[in-house]
Amino acid sequence: MSLPKYYSRKPLRPNADAKDVRERLNEIDPEQMAFVSLGETTNEELLSLRELARDIGCKNLDSGFGKFFNAIPADFHEVLRVGFPFKHIENASKIVLLLDPFVQYPLLARYILRAREKGAEVLEVGFAGNERYIADETILVRSWDEIMGAEESFEDAVVICDLNPWTTVEMLSTVLRVSKRSELLLMKPFLNATGALMLNYMSDVLMNEKIRALYVLESDLIDIAINEPEMENWLSKLDLLIVHNAYESRITKLADITLQSDPFYEKKGTIVNAEGRILETGGCSTRGIELIEKMGGMGYKESHERVLNELEDERGTKKEGEIDIEPKEIPESEGALLVYKTNPFFWHGIRHKNFIDMSVDNVRDMGLNREDNIKVICDGEEEVGFKPVESPRDIFVSEIKLPACKDLISHVRVTSSS
Amino acid sequence: MENECYLAWATDDEMRGRGSSGGFVTAALVAAMRSDLIDETLVVKKRDVDIYDGYPFVTRDPEEIIECSGSLHFVPLNLAKFVPHDKRVGVVAKPCDCRGIIEQAKRGQIDLEKVYMIGLNCGGAIHPTEGREMLRAYGIDPDRVVSEEISRGNLILRMAEKGEAIELDELEEIGYGRRDACKACNINIPTMADLAVGNWGVPKGEEATFVEILTEKGEEIFENAVDTGYVEYKRASEKALERRRKVDEAMKKMAENWRAHFDKLVTETEAKDRLHFYIDIFKNCIHCGACKEVCPACACGDDAKCIQLNDEKDVYKISMYNLTRILHLMDSCVGCGECEDVCPVDIPLTLIHKRFTDRMRQKLGYIPGVDLRKPPLYEVPKSDT
């Protein structure tokens, strides 16, 4: 019911035309320039932008996932880029969840529910459980080492995990290691992230001091940043920031040049879903791609043909390989943990609720009443509401970004605000 | 002419060839538009040539109506919320579309005087993804099917090279076939529309549409199509009427069997455990609101009670959102199944809402969407409250 918040964002106003933008781009050393898109647009626009970058002589194309491709052996890149048909989930005899499908990827939930109906065993492993009881068994851990300890449970299973901008290389390497003998599906939170990766947006440029100019297509890099002030600082120091978006957002306020595109649902083109299937979008607008074409990119027709040719037969197949990245230690602590369950609102800077989930035991310990608020104290502190859930004591789960907590799992102190 | 039945067909070869059963619907709409009887037409349009994908489409161009000819049983959309306001509009509507339009009219969202409903006899629709899977199971390449129809209990497919008919009973016995909402639907002839049209009752080999005129507006559409030379017709014979009645009865019988089957899924749960049955069904709801968004009976906006009373911080076993919707829909659900189609976690909403509307029908004889009667709970005189 928070969807209207997503669609009621304010359209972005352009302040330059294609000719001006191209002239400004020509003034920058291509090695100090980067083109970034999280993939919230069509393959055709992504390819057209890639051709613009090529025309300028720039090789830096990032989708926000570049850091993983630098750090993880090439043998695993295919599984990072693209998944497998969801039918595999429905027909699996064993599923291991490292995410909460109901919160993070709701459209995935039905496949897991159908697998359960067919008799699949569903196991969830993580720092917090799932209050909808999708799993037959929940293995709660307090460190990544403990996930390594559960390796046997992953054997011959379909493993589903979230790969997002906050995932660390160490977390990813843990997942890749424990799922050596299983089918691994890495879900990404942006609608065409798979397409962006398949079209080679795999550089690692975010926060890189060498970069002086950035062209951002349909993305807000502040919304996805772990440390928002740091990202804002980096963006504001650039010599040139071009933001080509449908809606206004925090990044557009920092932009030197803003270019307007149509909302995704009006765009004509294709995307690649997490399965690796190419899907046609429902819209008919090619306005965005025409603008990129005027700057030196590719037109819709040619771009569409190239997309179909390039993406044909690309499917994720997991390769065997060794990873020597050790899991990052979370310092042992008896204290409380705040666990983020990221979701589409989280990645778009929309605060769709104002409470976090906490254990009934903690609610009783603190003597809280329904209307009370709590203070979550980490690097800073924040006051929010709470919802009592049946979860272990001292596990707090948040679907909203709390600026005080800058990691997917943080040690926190929680007190009553009264 | 009201309540008269005819066999009618388009005089134009192209319309007759492209439309179903002699192209009457296409011809009548084109005639109505060219004669300025209606301003716009609402139809479902195929996405490119894909018979498994379509979208609601409003047009003022008669040529586009011709392009949209033919049936689309793999595209289960309800059109009620897409009816343009303040225009005289022709709508090609299934019975559940018509019922949705009437429910919207009761809630002040549509001016029925301006809506010309050409109601299609309906044997049900098939979910596109499941339809593709079903055809593959039958050794048919779904992408080779160029057109389809449901007739006389059969799903009839036309491929480029040949045709094939599969019995619905057979499909449904092995778990394929129509959506659950369609299986349980016993309103197959849209008697609440202005015209009820279809191929039921048409003699084998004859390319014509069986047309029943139900209202003055229906008469207006029919007479206009004839007067302008777009349509020719003959009176339906007693035999044709009888054939149509028999098909309707057969479809109703199939529906009654399915209704009993669905009802059993609930009644087999002992009364004392029934609350848990519902709690279990709703526990996966993620409150995305998609069911409300597509519901043809719902006319509320963001200030709807189901939203206003719901607080995600609450820990009720069934949320106020779902409880309020159950109460709201027990006197307005038209059984179209759109809510179940869009539910991301497969909650069997058709089953649940049918369970409650059936009770309303049994106790108070009230069926939503078939006429302009107010829901019984609004009909209680003040003196009785």
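The rules behind these values
Residues numbered from 1 in each chain as written. Chains lettered and ligands numbered in written order. Predicted model: local features only at pLDDT ≥ 70, side-chain atom pairs only at ≥ 80, totals over all residues. Heavy atoms only, no water. Contact = heavy atoms within 4.5 Å. Buried area = accessible area lost by both parts, 1.4 Å probe. Salt bridge = Lys/Arg side-chain N within 4 Å of Asp/Glu carboxyl O. Polar contact = N/O pair within 3.5 Å; in protein donor to acceptor, adjacent residues only side chain to side chain. Nonpolar A, V, L, I, M, F, W, Y, C, P; charged D, E, K, R; others polar. Pairing = 2+ DSSP bridges. Helix = DSSP H or I, 4+ residues; strand = E, 2+ residues; numbered from the N terminus. Axes fitted to C-alpha atoms, helices over the stretch in contact; angles between N-to-C directions. Buried < 20%, exposed > 50% of the residue type's maximum accessible area, 1.4 Å probe, protein only.

This part is about the interface of chain B and chain A. Frequently, the measure chosen for interface size is the accessible area that the parts lose on association. Counting residues at the interface gives 25 residues for chain B and 21 residues for chain A. Both faces considered, chain B and chain A share a buried interface measuring about 1,900 Å² in area, 49% of it formed by carbon and sulfur atoms. Here Lys87 of chain A and Glu133 of chain B are joined by a salt bridge, their closest N and O atoms 3.2 Å apart. Linking chain B to chain A there are nine residue pairs in polar contact (both at pLDDT 80 or more). Counted by class, the side of chain B that touches chain A contains ten nonpolar, four polar and eleven charged residues.

All names here are of chain A. Overall, parallel pairing links the five strands, which are arranged 5-4-3-6-7 in an open sheet. Across the chains shown, the open sheet's two edge strands, defined by having one partner strand only, are strand 5 (137-140) and strand 7 (183-187). The sheet shows a mean angle of 20° between the axes of neighbouring strands, direction not considered. Two elements, strand 6 (residues 158-162) and strand 7, share five bridges in a ladder whose sense is parallel. Each residue of the ladder has a partner; that of Cys161, found in strand 7, is Leu186. Helix-sheet contacts for helix 8 (residues 106-117) involve strand 3 (94-97), strand 4 (121-126), strand 6 and strand 7, and the interaxial angle to strand 3 is about 145°.

A few words now on the pattern of salt bridges. Tallied over the entire structure, the rule returns 63 salt bridges over all chains. The partner of Arg34 of chain B in a salt bridge is Glu63 of chain B, and the shortest N-O contact between them spans 3.2 Å. Taken together, the positions of Arg34 of chain B in helix 2 (residues 24-34) and Glu63 of chain B in helix 3 (residues 62-67) put the pair 29 residues apart, joining distant regions of the chain. We classify Glu63 of chain B as partly exposed; its relative accessible area is 43%. Each of Lys87, Glu90, Arg110, Arg114 and Lys118 of chain A together with Glu133 and Asp346 of chain B takes part in a single network of salt bridges with overlapping partners.

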